[in-house]
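Analysis of the macromolecular model
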Amino acid sequence: MKDYFESINRNNLRRNLFTIIGMLLNVLAAFLMYETGFSFYFDTIGTIVVTVLGGVFPGILTAVMSNVICSIFNPHSLYFAVINASIALCTSWVLNKNYKNKVLRLIVLVLSLAIISGSLSAFIQWQLYDGPQNDGIAAVVSMLKDSLGIESFVIYLFVNILINIVDKGISVLVALLIVWFLPNQLKLKLKNSRWKQRSLSREEKRDLYKWSKDVNHSVRTRITLLIGIISILLMVIIVVGTSLFSDYVKSERISSLENVTNLSAELIDADMVDEYIATGGSIEGYEETRNLLYKVKETSTYINNLYVLKFTKDDGCYYIFEIVGEDQELHSPSKKVFNIEKYESILPELKKGQVVQPLEEGNFINWDITVFNPVYNDEGQCVCYTIADISMELMADYNRVFLFKMIIILAGFIILMMVGAIWFTDMFTVYPINSIASMIDGFVEVKDDQEKLDAQVRKLRKLDIRTDDEIEKMYISLCKMAAGTAEQLREIRYYTESTAKMQNGIIITMADMVESRDSDTGAHIQKTAAYVRIILNGLKKKGYYAEKLTPKYMADVEMSAPLHDVGKVNIPDSVLNKPGKLTPEEYEIMKTHTTAGKEIIEKAISTVKGESYLREARNMAGYHHERWDGKGYPEGLHGEVIPLSARIMAVADVFDALASPRVYKPAFPFEKAIAIIQEGSGTQFDPKCVEVFMDSLDEVKEVLKKYQSPDGGNL
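Residues numbered from 1 in each chain as written. Predicted model: local features only at pLDDT ≥ 70, side-chain atom pairs only at ≥ 80, totals over all residues. Heavy atoms only, no water.

1. Topic: the overall build of the protein chain
- Within the protein chain, the secondary structure is distributed over 25 helices and six strands.
- Oriented by its inertia axes, the alpha-carbon framework of the protein chain measures out at about 155 × 75 × 50 Å.
- Burial status across the protein chain gives 45% buried among its 715 residues.
- A separation of at least 24 residues holds for 67% of the contacts in the protein chain among residues at least 6 apart in sequence. (Helix = DSSP H or I, 4+ residues; strand = E, 2+ residues; numbered from the N terminus. Buried < 20%, exposed > 50% of the residue type's maximum accessible area, 1.4 Å probe, protein only. Contact = heavy atoms within 4.5 Å.)

2. Some thoughts on the pattern of salt bridges
- Scanning all chains against the criterion turns up 18 salt bridges.
- Ionic pairing is found between Asp464 and Arg466, a salt bridge with its closest N-O pair at 3.0 Å.
- The salt bridge partner of Arg647 is Asp686, with a shortest N-O separation of 2.9 Å. Here the residue Arg647 occupies a position in helix H22 (residues 644-659), and Asp686 occupies one in the loop between helix H23 (670-679) and helix H24 (687-694), the gap between them amounting to 39 residues. (Salt bridge = Lys/Arg side-chain N within 4 Å of Asp/Glu carboxyl O.)

3. Some remarks on H24
- Taken together, the buried positions of H24 are occupied by Cys689, Val690, Val692, Phe693 and Met694.
- The backbone nitrogen of Lys688 has a side-chain oxygen 3.0 Å away, supplied by the residue at the start of H24, namely Asp686. (Polar contact = N/O pair within 3.5 Å; in protein donor to acceptor, adjacent residues only side chain to side chain.)

4. Re the pairing of strand S5 (residues 367-376)
- Within S5, eight of the ten residues are buried, which leaves it mostly tucked inside the rest of the structure.
- In the sheet, S5 pairs with strand S6 (residues 382-391) via nine bridges, with the strands oriented antiparallel. If you follow Asp368 over to S6, its bridge partner there is Ser391.
- In sequence, S5 turns back onto S6 through a hairpin of five residues, with Gly380 there showing a positive phi of about 80°. (Pairing = 2+ DSSP bridges.)

5. Details of the nonpolar core
- Core analysis: the largest hydrophobic core is formed by 39 residues, its most contacted members being Tyr531, Leu539, Phe655 and Phe693.
- Where this core is concerned, the elements lending two or more residues are helix H17 (522-542), helix H18 (551-560), H22, H23, H24 and helix H25 (697-706).
- If sequence neighbours within four positions are ignored, Phe655 has contacts with Tyr531, Phe670, Ala673, Ile674, Ile677, Phe693, Val700 and Leu704.
- Listed in part, the 29 residues of the second largest apolar core include Ile303, Ile320, Phe321 and Ile369. (Core = buried A, V, L, I, M, F, W, Y, C linked by side-chain atoms within 4.5 Å.)

6. Thoughts on a nonpolar patch on the surface
- On the surface, a nonpolar cluster with roughly 620 Å² of combined accessible area is contributed by Val103, Ile107, Leu111, Ile115, Phe158, Leu162 and Ile165.
- When contributions to the nonpolar patch are tallied by element, the ones reaching two or more residues are helix H5 (102-129) and helix H7 (152-181).
- Counting residues per element, the nonpolar patch draws most heavily on H5, which supplies four residues.
- By the element assignment, Leu111 lies in helix H5. (Patch = residues over 30% accessible without salt bridge, like charges linked within 9 Å, V, L, I, M, F, W, Y side chains within 5 Å. Areas by Shrake-Rupley, 256 points an atom, 1.4 Å probe, with all protein chains shown as cover.)

7. Description of unusual backbone geometry
- The linkage connecting Tyr633 with the following residue, Pro634, adopts the cis geometry, with an omega of 15°.
- Checked against the element boundaries, Pro634 lands in the loop between helix H21 (612-623) and H22.
- The backbone of Asp315 sits at a positive phi, close to 65°, despite the residue not being glycine.
- Take Asp315: it is sitting in the loop between strand S1 (305-311) and strand S2 (316-323).
- A positive phi angle is found at Asp464, which is not glycine, with a value near 55°.
- Within the secondary structure layout, Asp464 lies in the loop between helix H15 (450-462) and helix H16 (470-515).

8. Some remarks on the packing of H23 against H24
- As a packed pair, H23 and H24 sit with axes 9 Å apart at the nearest point and diverge in direction by 150°. As far as their axial angle goes, H24 and H23 are roughly antiparallel. Here the hand of the crossing between H23 and H24 comes out left-handed. Together, Ile674, Ile677 and Gln678 of H23 and Val690, Phe693 and Met694 of H24 make up the contact between the two elements.
- Here the contact of H23 with H24 is built from residues that sort into five nonpolar, one polar and no charged. (Axes fitted to C-alpha atoms, helices over the stretch in contact; angles between N-to-C directions. Parallel < 35°, antiparallel > 145°, perpendicular 65-115°, else oblique. Left-handed = near helix turned anticlockwise from the far one by under 90°. Nonpolar A, V, L, I, M, F, W, Y, C, P; charged D, E, K, R; others polar.)

9. Some words on the side chain of Lys527
- Along the chain, Lys527 turns up in helix H17.
- A residue is classified by how much of its surface remains accessible, and Lys527, at 0% relative accessible area, is buried.
- Among the polar contacts made by the side chain of Lys527, one reaches the side chain of Asp656 at a distance of 3.1 Å.

Quick look at the structure:
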């Protein structure tokens, strides 16, 4: 046991150390390329090596953690973790494909990695930096755009994929060289270290997948769904958080605008507004007020424009003051302006001089906020509005970039979590449980074959489950139970064989008792047993009484058939072997052989407790003279109330009595005997039993031929 745990710890240590070396290899290559300013990175060599030897999850772990470490010297590295993780996924996918040509596999791998890496990195850089980070590449893109007239992003995407073909081609070759130089024994240990049981071949994994295909909801699916839901919730939380932050910033901006408009309203002489309009602003005091408003705008953060507008009832307005950018053309205070679409939605309120709420226009990506503050004269009338607006475009850009950064950072970690969850579920749960369950199915299939059962026990032990949790504990218990069961079945088989010999001895002894007294019985016992077997097989073949006709039941009925006339031992010889027709009194005595046989076997059952074959012997002995129509004896049972074994024996017994010579009659011709049986279908006999008997006449003839006497008659 100590060696077992030491082996597990060595495997874990070896795998973890190998993953750390892969990370360091990535980080070292990335650092050298970053410091030298090369267009290549070679930061996926370690990822490819670890994926090839350790599997997809160690490969993705190497990829993501490498980028986390690289963010120490390259702040942008974390945004590209999703690319490195995708490299590990793609490498694992290509390696698991069946390519007969190794060169073709290598080409597909390089092209796949280049397309994925080139496309993703181009998209990320374009979204975050509006172009390539590398100045040399940016110059090439600009030159090609001028000469070809194609969109810059399309050119950059193409150039980036070409660069990555070289980058990933060299990376793959270096990685494969590293793998090739490693000792084969070490490579095998690294590949097997992921398993928490005996390592499975590709064919064995495919067989397990087929075996579990009918599972409605696999553990792997549930875990993947759970991680997916968690990932979506994280995305939602980020979006909601960004939205809440935007709302906070918006409220701050509105508050700032309100302060500006309030201060501006205090600077304006409301009684001079009409004079400003009439004189076009050439009156004394206008320029002083305008300069003060300009200073208010300049000293207020985030304010785009500051206006003082007077709205008229004819949907027009006067720009009394207009504090905008220096290059903007100003409206004359005396010139009325119409069709101001920006304020159209609140124009009725503005014309009436009412207080209006801040006006928001646009969407999450780009929107403007405008605040209105009414200016009142001494009589309390609104003569104009001070209006300030602000564009939230910068805030929208910040939100977009922030969300994009968070999504691509999370994407790398989500891939790590998803694949990690699936990998751990497979290694610690799915493969061990499926392997154990398929072995259990194997135990069911071998049934009572001792050699196959022992072989199955050995196969179960070879699984070597070592998950170090409840599954391993269950596996150990199953191994003990399987070994114990195999040993118990070996003992049971021994006792069963002994019991079977005893059963046969009882039957032979009791049948001999009847045969020694009844001159007609002899071969009758063997023939009726053969007919019973024929009828049983016929019923089974046609699917009649399927629930009843189990292999055990059929064996019991056939085995106990010779005892159906055991009650004749109680019949006097004068009646039993009388050559002529029986009198009514003698016939009544003869009929008692059914009840006597039933009582004899019931006594045997009480001695040999619970033997089911004797129960069917009792049924045949007691009821084989009952009739389908209820006119038989001893109890006058009818239809399916009569035990099935007795209904089968009724056909076999009567046919043999007809087709065989008796002390009181010669044998009937075969055709006549068959005709009588057929006539009794549905009255004397179970129709289904007669049907299958008639379908098996060739076999019946073989039985008659086998027991034919030397003179041509039947024994």
